[in-house]
Amino acid sequence: MFEFNGTASYQMKQQARCLSALEGDTDHNKFVVCSLELRGENELHVLDFNEDTNEVCCQRVYAHPNEVWACATCPAPEHFDLLITTHASGTELKTTLSKMVGLDETVRPDEDSRAADGGGQTPPPEAVPLEELLELPLTASLGESRGVLWNAVLPEQVVVLHAKQLRLYQLAHGISASTASEGISFAPPVDGDCFCTGRWDPHHAHALGLAVERTIMTVDTRTMKPAHTLPDAHTQRVRALDYNPNRPYVALSSGDDFAIKFWDLRKSSGPLHSQRAHSHWVTSASYNRFHDQLVLSSSSDSRVKLWRVSSLSSSPPSADEGEIDEGDADGLVKTFEEHDQSVFGTAWSAADAWIFASLSLDGKAVINHVPPAEKYKILL
Amino acid sequence: MVRARELLSKFYVDAQEARPHEVDDMNIDAVEFNADKYVSAMLQNKSLDELVQRGNAMVSEIKNLDSDMQMLVYENYNKFIAATDTIRQMKHRVEDMESQMSQLETNMNTIATKSDAVNSSLSARRGQLEKLNGAKKTLTKLQFITDLPSLLEQCVLDEKYEQAVQYYKRAKRILSAVGTVASFQGIRDEADLLMRRLVQLLNLKLQEPDLPVEALGTTTRLLLQLDANEEAILKDFLARRRRVLLEVLNNFPPPPISREDASRPDEGEGEAAEPELDADSPNEPPSAAGDVRALGSLFMPQVVQLQEMWNSLFMSDAEPTVMGGGGARLSAERKAAMVSELIVELTGGYIELCRQRLLEELPPPPELLRGLYHLMHPIEPLHALLPAAALLPRAARVAEALGEAEMERQLRTLGEQVAAAVLGLTDGSGAVGKRLASVEAAICAHTQEALLRTAPLLLPLCELLGLRPDGMAKHLVKRLYAAILDVARVARLPTPQPEGMLLRAGLCLQMVSSGVAQVHAMLKAQLSGQGLRGAALGFDAAAMVREMQSSADALLEGFAQKLSWGVSKQMQTTDWVHAPAPREVTSLVGAIIGELRATQLLASQILHGEALRSLLPQGPFPPTSGATQILQQRAKLGGSVAIHKDLQRMFARKISFSSTSGHHKITIAGMLTHIIKLTLKTLLEESRVCTFSREGFQQLHLDCGMMRWVLPACVEQEADVLSLLDEILISCQERCLDCVPLEHAVLQRLCDAKRKELQLSYS
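Per-chain numbering applies: the sequence of each chain, read as written, is numbered from 1 onward. Numbering of ligands from 1 and lettering of chains from A proceed in the order in which they are written. The model is predicted, so local features are restricted to residues of pLDDT at least 70 and side-chain atom pairs to those at 80 or more, both for listing and for counting; the totals for chains, interfaces and linings are taken over all residues. The basis for the side-chain values is all heavy atoms of the structure; hydrogens and waters are excluded.

Two rings from Phe, Tyr or Trp (for Trp, the six-membered ring) form a pair when their centres are within 6.5 Å of each other. A pair whose planes differ by under 30 degrees is stacked, one over 60 is edge-to-face, and the rest are tilted. Throughout the structure, instances matching the rule amount to six aromatic pairs over all chains. Between the aromatic rings of Phe262 of chain A and Tyr287 of chain A, the centroid separation amounts to 6.4 Å while the plane-to-plane angle is 65°, which identifies the pairing as edge-to-face. Note that Phe262 of chain A is positioned in strand S21 (residues 259-264) and Tyr287 of chain A in strand S23 (residues 282-287), a separation of 25 residues in sequence. Only protein chains enter the accessibility calculation, which uses a 1.4 Å probe; a residue is then buried when its area is under 20% of its type maximum, exposed when over 50%, and partly exposed in between. Residue Phe262 of chain A is classed as buried on the basis of its relative accessible area, which comes to 3%. For Tyr287 of chain A, a relative accessible area of 4% puts it in the buried group. Aromatic side chains Phe33 of chain B and Tyr38 of chain B sit 5.2 Å apart centroid to centroid with 65° between the ring planes, which places their arrangement in the edge-to-face category. Residue Tyr38 of chain B is classed as buried on the basis of its relative accessible area, which comes to 11%. Numbering of helices and strands runs from the N terminus; a helix is a DSSP stretch of H or I covering at least four residues, while a strand is a stretch of E covering at least two.

The next thing to look at is the confidence of the model for chain A. A residue's pLDDT is simply how confident the predictor is in it, with values from 0 to 100. Confidence in the prediction of chain A, expressed as mean pLDDT, is 86, and 92% of residues score 70 or more. For this analysis, residues touch if any pair of their heavy atoms sits within 4.5 Å. Note that residues 110-119 of chain A has pLDDT below 50 and, in this model, five contacts with residues that lie over four places away or in other chains.

Right, let's get into the side chain of Gln698 of chain B. Looking at where Gln698 of chain B falls in the secondary structure, it is placed in helix H24 (residues 694-710). In contact with Gln698 of chain B, other than residues within four places in its own chain, are Pro582, Val740, Pro741 and Leu742 of chain B.

All names here are of chain B. Method remark: on a 1 Å grid restricted to protein atoms, a set of points is classed as a cavity if a 1.4 Å probe fits but cannot get out and as a pocket if it is open with protein on both sides within 12 Å along at least five of seven lines; lining residues have an atom within 4 Å of a point. Grid points are joined across faces, edges and corners, and a volume is the space filled by probe spheres set on the points. One pass over the structure, following the stated rule, counts 13 cavities of 30 Å³ or more. A volume near 140 Å³ is recorded for the largest cavity. What lines the largest cavity is a set of 16 residues, and nearest its centre among them are Thr628, His701, Gly705, Arg708 and Leu747. If you list the elements that add at least two residues to the lining of the largest cavity, you get helix H21 (626-637), H24, helix H25 (718-734) and helix H26 (744-762).

This part covers the pattern of salt bridges. Residues and elements named next belong to chain B. Salt bridge, as applied in this entry: a Lys or Arg side-chain nitrogen positioned within 4 Å of an Asp or Glu carboxyl oxygen. Applying the stated rule across the entire model yields 32 salt bridges over all chains. The salt bridge involving Asp85 is made with Arg88; its shortest N-O contact spans 3.5 Å. On the criterion of helical spacing, the pair formed by Asp85 and Arg88 is a turn pair, its members being three residues apart in helix H4 (residues 48-157). The class of Arg88 is exposed, set by a relative accessible area of 55%. With a closest N to O distance of 3.0 Å, Arg694 and Asp738 form a salt bridge. A residue pair is termed long-range when its members are at least 10 positions apart, and Arg694 in helix H24 and Asp738 in the loop between H25 and H26 qualify at 44 residues. On the basis of relative accessibility, which here comes to 34%, the residue Arg694 falls in the partly exposed class. For Asp738, a relative accessible area of 36% translates into the label partly exposed.

Residues and elements named next belong to chain B. Their axes nearest at 9 Å, the elements helix H23 (residues 668-689) and H25 cross at an angle of 10°. Judged on the interaxial angle alone, H25 and H23 are roughly parallel. For the pair H23 and H25, the contacting residues are Ile676, Lys677, Leu680, Lys681, Leu683, Leu684, Ser687 and Arg688 in the first and Asp720, Val721, Leu724, Leu725, Glu727, Ile728, Ser731 and Cys732 in the second. Per-class residue counts for the contact of H23 with H25 are nine nonpolar, two polar and five charged. Axes here mean lines fitted to C-alpha atoms, for a helix over just the part in contact, with angles spanning 0 to 180 degrees between N-to-C directions. The cut-offs work like this: below 35 degrees is roughly parallel, past 145 is roughly antiparallel, 65 to 115 is roughly perpendicular, and the gaps in between are oblique. Amino acid classes used here: Ala, Val, Leu, Ile, Met, Phe, Trp, Tyr, Cys and Pro are nonpolar; Asp, Glu, Lys and Arg are charged; the rest, including Gly, are polar.

Residue and element names in this part refer to chain A. For Asn54, which is not a glycine, the phi torsion comes out positive at approximately 60°. With respect to the helices and strands, Asn54 occurs in the loop between strand S4 (42-50) and strand S5 (55-64). By relative accessible area, Asn54 is classed as buried at 15%. Non-glycine residue Glu213 carries a positive phi angle of around 50°. Given a relative accessible area of 10%, Glu213 falls into the buried group.

Moving on to a nonpolar patch on the surface. Taken together, the side chains of Val94, Met97, Met101, Leu104, Met108 and Ile111 of chain B present a nonpolar region at the surface, about 620 Å² in accessible area. Owing to a relative accessible area of 52%, Met101 of chain B belongs among the exposed residues under this scheme. Exposure above 30% relative accessible area and the absence of a salt bridge qualify a residue for a patch, where like charges join within 9 Å and nonpolar side chains (Val, Leu, Ile, Met, Phe, Trp, Tyr) within 5 Å. Computed with a 1.4 Å probe, the accessible areas rest on the Shrake-Rupley method; for each residue, only the protein chains presented here act as cover.

Our focus in this paragraph is the nonpolar core. Residues belong to a common nonpolar core when they are buried Ala, Val, Leu, Ile, Met, Phe, Trp, Tyr or Cys residues joined through side-chain atoms within 4.5 Å. Grouped together as the largest cluster of nonpolar side chains are 184 residues, with contacts concentrated most on Leu152, Leu198, Phe299, Tyr350, Phe539, Leu596 and Leu680 of chain B. Top contributing element to this core by residue count: helix H14 (residues 391-424) of chain B, with 14 residues. Beyond its immediate stretch of four places on either side in the chain, Phe299 of chain B contacts Leu245, Val248, Leu249, Leu346 and Tyr350 of chain B. Counting 19 residues, the second-largest nonpolar core is a separate cluster that includes Leu19, Ala21, Phe31 and Val33 of chain A.

Written out as structure tokens, the structure reads:
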């Protein structure tokens, strides 16, 4: 098959911060992008990336009443069209469970409309309303949203994370309605501190990794008792956390100190590796879903970077194969410079291990491939 | 194939006969194997693939069998050749032997006839001569024995114990021959009595506390000749010497007078051997090296003497004792072992004592070197006597360890001093430039001191120990490198004060520009003086400079981040929705400008020779910027998304935030630009997550206006800063619920008020 390694981009008309892969759909490279417009119509675009034609098109547009500060899609394939968003109404933050109706209908724009557009971007379809299923009753002040965390191991569990509080919900989906029972709440251990980000541990169903200011901690969500703590992990606020998909207790974090750090959560003495990654805040950093040698990071310096950390991966380069050549050492694989504005969201595709998307504040979503050279280095 | 099968069947014949004979013509290894039947069976039952496989397998089996057989034949042939050679040799030698044997026979016959002739001519007179001779001998013996008691008594009285023992020994032999005669019995008893008294006397003498060593030796030897219990006597002797010598060790260091006395006799020899090492005068205050020297010259000769005495007195003879007769004799090995055990123990004690003495005082290197020399030197004669005990290598190991410990200690001290100097940087007071220079000077001085203390040790020590100096020199260089590299490491340790980071960055830069080179030059000077220039190459100055540079970069960036962090905190804690209407430029701007000013001042003392740009508003208040104008228009028109998009594009400018380290020449303005850009970028990003009311927006508008007035003058990339300020304003507008910009006049009035305030506070 012909190998595409070109770049495809999609421009929204609004500002946007939230990007998420459609976790429940492992057949298509689909991403959800949510707009962030304080005074204006907000929308939620479902992008579909076609590997064969190397084109990205907007498959569906849903109208969303408020600007979206956080979103998460359901990781369970049977409910792949469910979505939780935290949005600001202008006075406070609300969190809603919605259903993207008609998501599985393939709406392909016909050839005529594409031709009419002069070969440029296909105009997005008309916006349709989201079906709001449930409002989760935890509210917060503006600017305090820190994310919605959907547990990939136990898809009925969702944590809504605000700066001053997090709450665990157990979802149940009936035929006619969905219900949410409230679980335990948890506030930052030190008064005045704020939660910054969080992540479910894929190896331990009830373990939740959290960042509180500069500290990284993990809690057991059954008791909300802290398990591991890494005090002062970064010299500035932590922005992102991710667990290694293959090695338990190995995680990465990124922060406002421009660095990505790799940790063994059981060792608080210091990071396994620390990398000055960008020239401003590192807004996101995540492991590839399958190949934990690859780490994707984005920054408010408007760059997206792909890193190689073979030495800390589940298949480190063996020492007996002679000297490691220059190309196999840990370090930067590629810098992607397609964005003109701060990048706040990155996501690996749920369907293809080598495809990822990034979203900058100006509403530009870019879909990229892992460079083939790197891909073959890992596969062969 | 057939040949191979025959061979194989011969080989297997035993195994087959053991089994009940069954006809198996399908077994390829059996005698009855029927090839045709086998082939046809194969053709019937197997597929083509299997046949080809089987065919291939057979070919390889055949090849294997062939090569095995060749091997067997070859080996047997080899053995045959060897046997033929041997037989040929045997035959040749037997021929030679035959002629020699016949010659031998004739020789023997000649000898026999001559001997017969001599015998017959002498036989007549021999009998008489022998008789006369025997009578004379007996008479002499008789005379000696009758005189014996008086002789013995006289000898004992004259303390000629040795003579007495000699006489007694002689008499003993004669007496034992004629012991049965009564008249001799009396003499014998008398002599025995005298000898027993002598033994008692000798034993008494041994008990004397200050018996000289030589007397102890001879007395013991006499006792040995008289008494049979050799082991007990020798052990007693060794125990006595051990006690005395250990006492010498235990009483060390002795009071000064006795020490000097003790050292004097040996002085001449020592100085002749190694004058430059032995230069200390006896009047010197007690020092470790002096003590070691004194101990060496007092103690070791005695140990050497012990060994020599032992060898001369106890090792040479194997004569029987005279009194006890049947006591156990010790073998020479046993005796050598006894003494060497003691000597190893004593020397070990000596080495250990010296080691402790040198360790506890830790003298300066030349002194240590002298001490080590004195430790090693006295052992040399002993080593020559007893090479098996490996005493010299043992001492050498101790000396090497001491030398390395000293080096290690010096470099550790250096490491601590350097770290303390770096950490002390933030606590000091006074002008920053002077502080930096003095810390650098201190680092260099400490390094120089450490080098002076260690480098001169290298060559003589290695010479003394017979080692190659390169290894030790390389070790020294490596350790020194690590100690200096610690500057970079210690500098990166977290510090509570942000200015501390800047100071340390300054120190790293100073090390980059001059310090590393100085240290390297010092090292080269020290080592090349000793012909160890090669080892100095181990000091990778370029790598160290890189390390220092990257430490400086990291520190500068950390410093820049601290200011950003303050801005972040301030933005996050402000409630922009419920902000009051702007009345003045906020403390945020004041804080930023204040920090920048402090940074500039500090940096100016670290990086010299650059004119400072003022951090006060320069020139007239800037006119309304393009962005603000559009904002104002947009506020009047009422916004649409499309307009704002264009607006954003118009002012969007991709700004690089990479730190100045790329240029490698750090300037104050460049540093300040970098800090300002990062701070503004942080402000921009923070403003993008806030939601502003009209008042909140106006406040930020005012703050940006003030910064627009102040900042461009003091940065290198004015356009970047202006663009960032515009972006902040536009982002604010996007996040504002009700956007009405301030009037330009109001903006100017409030900013002017702030300017006056700043001027007042800085003058």
